[in-house]
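# Coordinate inspection notes
Single-letter residue listing:
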Amino acid sequence: MRHSLLAVSLSFFVGCAHNARRADPVEFAPADLARRASMEPWAISMPFEQDQDGTDLVLALLDRAEASGARYVSDVQVVFMTKQGEQPLECRTPLVPQSEFDWVRESFGEREKDPEAPLALKPFTFSTVEFGCGAVASARLIRERRTAPSSVPVQTTQDAIRSDPLRWSTSCGYSRVMHEVERYVFQADVNYVPPLTYRIQQTRPELALVEDRAACVPATPYSPTVNRIEAVVYGGAGPKAALEAALRVHPVRMYL
């Protein structure tokens, strides 16, 4: 069976408001598995601009796919348009399940020696405000006044402070969390914040996605000129439903 590949470009601001989850959430699956299920593939392409939080970007893409009724998603990648000298480049950063990520290759792979090359890595520190719970120890201080008897008519009075035993409780609230990561020069150029696996899992516990190593190729005259996130989606009502879902959402950015 020959599958046609339809595409939809969702042009809207990507923030961190996410739709209510379906009972059967969209799954990250290899393309061949989705094809064996006889589901028609179609593509989503969502552009973004400066200062984009990668976690929000990935979650927004999955929300759009899920809102259309899609069953599977594959080939998720974030694409950046950049230059090296006068050569326009298209740099792609795939997102893969953590279980399939090659940590050995990532640790011992060769690093770009030119610090200004698009594939060079730069350290990056940023903060987010996140909700969390933790154990808190507390103790009550008690001030006491004690009068000591004396053999002389004058008695001595002393103040003493004691504390109750420690009590443990659970406290929840928002706090600022600092993150130290590395990002590519082409990401730094647009102040892109790479996605964090545990933040994706806070919304979608079943998805542990990580950035794989990026690759840059010369851009063709037919390449889109915008930065974007792309994926192939299987099943559901198709591109029109995803576009309609996007227009109903008014997200709010939480990246600080």
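Our structure's up above, just so we're on the same page.
Residues numbered from 1 in each chain as written. Predicted model: local features only at pLDDT ≥ 70, side-chain atom pairs only at ≥ 80, totals over all residues. Heavy atoms only, no water.

### Concerning the overall build of the protein
A count of helices and strands for the protein gives six helices and twelve strands. Pairs at least 24 apart in sequence give 83% of the contacts found in the protein among residues at least 6 apart. Only carbon and sulfur atoms are counted for the fraction: they give 54% of the accessible area of the protein, which is about 15,000 Å². (Helix = DSSP H or I, 4+ residues; strand = E, 2+ residues; numbered from the N terminus. Contact = heavy atoms within 4.5 Å. Areas by Shrake-Rupley, 256 points an atom, 1.4 Å probe, with all protein chains shown as cover.)

### Comments concerning the nonpolar core
Counting 31 residues, the largest nonpolar core has Val78 and Ile229 as the members making the most contacts within it. For this core, the secondary structure elements donating two or more residues are strand S3 (41–47), helix H2 (54–67), strand S4 (72–84), strand S5 (87–97) and strand S12 (228–234). Here the element with the most residues in this core is H2; it accounts for seven residues. In terms of nonpolar packing, the next biggest core, distinct from the first, is built from five residues, Phe124, Phe126, Val181 and Val193 among them. (Core = buried A, V, L, I, M, F, W, Y, C linked by side-chain atoms within 4.5 Å. Buried < 20%, exposed > 50% of the residue type's maximum accessible area, 1.4 Å probe, protein only.)

### Observations concerning the packing of aromatic side chains
Tallied over the full model, the rule gives six aromatic pairs. With a centroid separation of 5.0 Å and an interplanar angle of 80°, the aromatic rings of phenylalanine 80 and tyrosine 192 are classed as edge-to-face. Taken together, the residues span a long stretch of sequence, with phenylalanine 80 in strand S4 and tyrosine 192 in the loop between helix H4 (185–188) and helix H5 (197–203) at a distance of 112 residues. With relative accessibility at 1%, the residue phenylalanine 80 sits in the buried group. Their ring planes at 15° and their centres at 5.4 Å tell us that phenylalanine 124 and phenylalanine 126 sit as a pair that is stacked. Residue class for phenylalanine 126 comes out buried when judged on its relative accessible area of 4%. Following the ring pairs from residue to residue traces out a cluster consisting of Phe48, Phe80, Tyr184, Phe186 and Tyr192. A cation sits over an aromatic face here: arginine 71 above tyrosine 72, 5.4 Å from the ring centre. When the ring centre of phenylalanine 124 is taken as reference, the NZ or CZ atom of arginine 183 above it lies at 3.5 Å. (Phe/Tyr/Trp six-rings, centres within 6.5 Å; stacked < 30°, edge-to-face > 60°. Lys NZ or Arg CZ within 6 Å of the ring centre and 35° of its normal.)

### Details of the environment of arginine 228
Mapped onto the fold, arginine 228 is located in strand S12. A C-alpha to C-alpha distance of 6.7 Å links arginine 228 and phenylalanine 80, two positions 148 residues apart in sequence. In this structure arginine 228 touches Ser45, Met46, Pro47, Phe48, Gln77, Val78, Val79, Met81, Glu90 and Arg92, once residues within four positions along its chain are discounted. At a separation of 2.9 Å, a polar atom in the side chain of arginine 228 contacts the main-chain carbonyl oxygen of valine 226. Only 2.5 Å separates the side chain of arginine 228 from the side chain of glutamate 230, close enough to count as a polar contact. (Polar contact = N/O pair within 3.5 Å; in protein donor to acceptor, adjacent residues only side chain to side chain.)

### Section: a negative patch on the surface
A surface patch of negative charge is lined by Glu112, Asp114, Glu116 and Asp189. Checked against the element boundaries, glutamate 112 lands in the loop between helix H3 (103–108) and strand S6 (121–138). In this structure glutamate 112 comes out as partly exposed when scored by relative accessible area, which is 40%. (Patch = residues over 30% accessible without salt bridge, like charges linked within 9 Å, V, L, I, M, F, W, Y side chains within 5 Å. Salt bridge = Lys/Arg side-chain N within 4 Å of Asp/Glu carboxyl O. Lys, Arg positive; Asp, Glu negative; His and termini not counted. Charge placed at Lys NZ, Arg CZ, Asp CG, Glu CD.)

### Some points on the pattern of salt bridges
Side-chain pairing between opposite charges can occur once the charged atoms of the two side chains come close. The full count for this structure, using the stated rule, is ten salt bridges. Ionic pairing is found between arginine 71 and glutamate 27, a salt bridge with its closest N-O pair at 2.8 Å. Taken together, the residues arginine 71 in the loop between H2 and S4 and glutamate 27 in strand S2 (residues 27–28) connect sequence positions 44 residues apart. Look at arginine 71 and you get partly exposed, because its relative accessible area is 24%.

### Looking at the environment of cysteine 172
Tracing the sequence through the fold places cysteine 172 in strand S9 (residues 167–184). A relative accessible area of 44% places cysteine 172 in the partly exposed class. Note: C-alpha distance between cysteine 172 and glycine 132 (40 residues apart in sequence) is 5.6 Å. Setting aside residues no more than four positions away along its own chain, cysteine 172 makes contact with Phe131, Gly132 and Cys133.

### Some words on unusual backbone geometry
You will see that aspartate 51, though not glycine, has its phi angle at about 60°, which is positive. Looking at the secondary structure, you find aspartate 51 in the loop between S3 and H2. Assessed through its relative accessible area of 35%, aspartate 51 is described here as partly exposed. The backbone of aspartate 75 shows a phi angle near 55°, a positive value even though the residue is not glycine. Counting through the fold element by element, aspartate 75 comes out in strand S4. When its relative accessible area of 47% is taken as the criterion, aspartate 75 is described as partly exposed.

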